[in-house]
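Structural features, examined
Listed here are the chains, written in short residue letters.
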Amino acid sequence: MSPFDKARYERLLEGLEAVEIWRSELNAEMRIDAQYFRRRYLQEDACRRHFENVALDDVAFITDGPHGYHEVDDESPIAMLTAKCAKGWFADRSEADRISAHTHNSNLRSSLKVDDLILSTRGTVGLCAIVERDALPSNIDQDVARIALNQDAGVKPTFLLAYLNCSFGQDWMERNCTGMVQQGLSLARVRELPVPLLSDDVQAAIAKVVESASYLRRKAKESYESAETALLRALGLVNWQTPEPLSYVRSSRDAFSAGRLDAEHFQPRFDRLLEHIEATGQSYPLADLLTVNQRGKQPDYGDSGLPVVNSKHVNNGEVRIDADNRFAIVDEKMLLIELGDVLINGTGVGTIGRAATYLHSVKSVPDNHVTVLRPTRGIDPVYLSVFLNSLAGQMQVEQRLHGSSGQIELYPNDIAQFSVWLAPATVQTEIRKAVQDSFEKKQQAGKLLEAAKRAVEIAIEESEAAALEYLADVEGTA
């Protein structure tokens, strides 16, 4: 047997992680899986011990939403928020189902109020957002926890939001998830989540940053809405009423010419819209205004490369590039997304037809559900994306999509046939300025939220004084 080679042994251990834990240090569930005792988690536990900690249950009321089937009512103003509604720090009801007042009133314990937090507890665990007035009235489903802080909690909602979204909160939740195929975080665990009681000064400073981000987010929304209004006003569609006859007749020649036999495609309201656009004298087939009209392909994912853009990243008039994007291995033949391209989703109920201009400097990769449109110099790409998102564009999406039962598609050759109003340069410029302003405000808000997370981490890892100094620098550059 060869003698022990310490140097060789250390080389073998390089990059590996080994931790020794006494049996007396195991938790009540006697977790013995190595994942639970990762060195990073233990270091975070040690940092938290520098502060007084409270269990979340001691300072908040915590519950989940109703289990099982919930009655959908499209006419109801009450939204049922799910995990996807907790992305991006602020509760978003735009894509949520609506539920009946009966369902809502039968589950008042999970009805949301301003400054509540919602936390996803199954699937993509750990998405956390604060409830603002524009998200109400709302309730939650069984995969979301409602966190309603007590009046005397000593914890500001915006500080708790930043803490749960920072590495300390996210790692604790990741560590305490259970399950194999689908991870879940039980309400019992959520109630045990430790919250360090930072000073009022630090909490107030972090709250100020989050509130500034919220303000920028609202102003960004207003700017984008002003762009949409400017387009509809210039095109004369602000109060436009679509005809809805009980029946209509089309010739077989029309059907064979269109290559469609479904009645929906031939609704008279589509004809009236196209006639309205053509009456401007500046109506063009979209194919004539593009140099590229092509779907992406299923990417080869990797740990590095360029970010991948899929349907969920094209939303509300913007293309998101953040920590949520995966990376793809790139070759010279691959279609890449460039600054100024317009992206439009080609599949899926609720996402199909959504468009946005790519305003990021870094190139990215479209997946096979995203179509890349590269406009000619004759039309501003920002204007084109707003047109596609407007009534004029979305009605043409509805007319030309294929499929049913959720498996719907919008192909590049269908998009090529859209009729587009080539607005005067002054209108296009007005719309571009509003959308660019919206994009810049969203970027600023994102940076502030990242700063709020980092400030929490600095306070816990280093000192509260260092966190306040960091936030002072952030305010100076904001």
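Basis of the calculations
- Residues numbered from 1 in each chain as written.
- Predicted model: local features only at pLDDT ≥ 70, side-chain atom pairs only at ≥ 80, totals over all residues.
- Heavy atoms only, no water.
- Helix = DSSP H or I, 4+ residues; strand = E, 2+ residues; numbered from the N terminus.
- Contact = heavy atoms within 4.5 Å.
- Areas by Shrake-Rupley, 256 points an atom, 1.4 Å probe, with all protein chains shown as cover.
- Lys, Arg positive; Asp, Glu negative; His and termini not counted.
- Charge placed at Lys NZ, Arg CZ, Asp CG, Glu CD.
- Pairing = 2+ DSSP bridges.
- Core = buried A, V, L, I, M, F, W, Y, C linked by side-chain atoms within 4.5 Å.
- Buried < 20%, exposed > 50% of the residue type's maximum accessible area, 1.4 Å probe, protein only.
- Phe/Tyr/Trp six-rings, centres within 6.5 Å; stacked < 30°, edge-to-face > 60°.
- Axes fitted to C-alpha atoms, helices over the stretch in contact; angles between N-to-C directions.
- Parallel < 35°, antiparallel > 145°, perpendicular 65-115°, else oblique.
- Nonpolar A, V, L, I, M, F, W, Y, C, P; charged D, E, K, R; others polar.
- Salt bridge = Lys/Arg side-chain N within 4 Å of Asp/Glu carboxyl O.
- Polar contact = N/O pair within 3.5 Å; in protein donor to acceptor, adjacent residues only side chain to side chain.

1. What to know about the overall build of the chain
- When you go through the chain residue by residue, the secondary structure sums to 15 helices and 22 strands.
- Pairs at least 24 residues apart make up 75% of the contacts formed inside the chain by residues separated by at least 6 positions.
- Summed over its atoms, the accessible surface of the chain is roughly 24,700 Å², and 50% of this surface lies on carbon and sulfur atoms.
- Once the 52 positive and 70 negative side-chain charges of the chain are each reduced to a mean point, those two points are 2 Å apart.

2. Overview of the sheet that holds strand E17 (residues 327-328)
- Taken in spatial order, the four strands make up an open sheet running E13-E17-E14-E20, and their pairing is mixed. Two strands close off the open sheet at either side, each with one partner strand: strand E13 (301-302) and strand E20 (365-366).
- The sheet contact formed by E13 and E17 spans two bridges and is antiparallel. Bridging across to E17, glycine 302 finds its partner in phenylalanine 327.

3. Concerning the nonpolar core
- Within the largest apolar cluster, 57 residues are counted, with the highest numbers of intra-cluster contacts made by Leu56, Ile147, Leu160, Tyr163, Leu164 and Ile206.
- The element that contributes the greatest number of residues to this core is helix H14 (residues 425-461), accounting for 10 residues.
- Residues contacting leucine 56, with those up to four places away along its chain left out, are Ile62, Ile147, Leu160, Val190, Arg191, Leu193 and Val195.
- Membership of the second largest hydrophobic core comes to 43 residues, among which are Leu286, Phe387, Trp421 and Leu422.

4. A look at the packing of aromatic side chains
- Counted under the stated rule, the structure contains two aromatic pairs.
- Geometrically, the ring pair formed by phenylalanine 159 and tyrosine 163 is stacked, given 6.4 Å between the ring centres and 25 degrees between the ring planes. One end of the pair, phenylalanine 159, and the other, tyrosine 163, are both in helix H5 (residues 157-165), four residues apart, so they sit about a helical turn from each other. We note that phenylalanine 159, like tyrosine 163, is buried.
- Ring plane angle 40 degrees and centroid distance 6.4 Å describe the contact between tyrosine 383 and phenylalanine 387, whose orientation is recorded as tilted. Taken together, the positions of tyrosine 383 and phenylalanine 387, both in helix H11 (residues 381-389) and four residues apart, correspond to about one turn of that helix.

5. So, the packing of H5 against helix H8 (residues 200-235)
- Relative to each other, H5 and H8 sit at 85 degrees, their axes nearing to 8 Å. Taken together, the axis directions place H5 and H8 in an arrangement best described as roughly perpendicular. On the side of H5, the interface is formed by Thr158, Phe159, Leu161 and Ala162, while H8 contributes Gln203, Ile206, Ala207, Val210 and Glu211.
- Of the residues contributing to the contact of H5 with H8, the split by class is six nonpolar, two polar and one charged.

6. Overview of the environment of serine 223
- Among the secondary structure elements, serine 223 is positioned in helix H8.
- Those residues within four positions of serine 223 in sequence are excluded, and the remaining contacts are Ala434, Asp437 and Ser438.

7. Quick look at the pattern of salt bridges
- As enumerated under the stated definition, the model contains 28 salt bridges in all.
- Here arginine 40 ties to aspartate 171 by a salt bridge, and the two come within 2.7 Å at their closest N and O atoms. Here the residue arginine 40 occupies a position in helix H2 (residues 39-48), and aspartate 171 occupies one in helix H6 (residues 167-176), the gap between them amounting to 131 residues.
- By relative accessible area, arginine 40 is classed as partly exposed at 31%.
- Residue classification places aspartate 171 among the buried residues on the basis of a relative accessible area of 10%.
- With its nearest N and O atoms 2.7 Å apart, the salt bridge here joins arginine 146 to aspartate 116. Remark: aspartate 116 occurs in the loop between helix H4 (101-105) and strand E6 (117-120) and arginine 146 occurs in strand E9 (residues 144-149); sequence separation between them is 30 residues. With respect to class, arginine 146 is no different from aspartate 116; both count as buried.
- Because the salt bridges share partners, they merge into one network encompassing Arg38, Arg40, Asp171 and Glu174.

8. A closer look at the side chain of serine 390
- Note on placement: serine 390 falls in the loop between H11 and helix H12 (391-400).
- Within the local environment of serine 390, its side chain forms a polar contact with the backbone oxygen of phenylalanine 387, the two atoms lying 2.6 Å apart.
- Once residues within four sequence positions are removed from consideration, serine 390 is found in contact with Leu231 and Leu232.

None of the figures reported here should be taken as evidence of function without further support.
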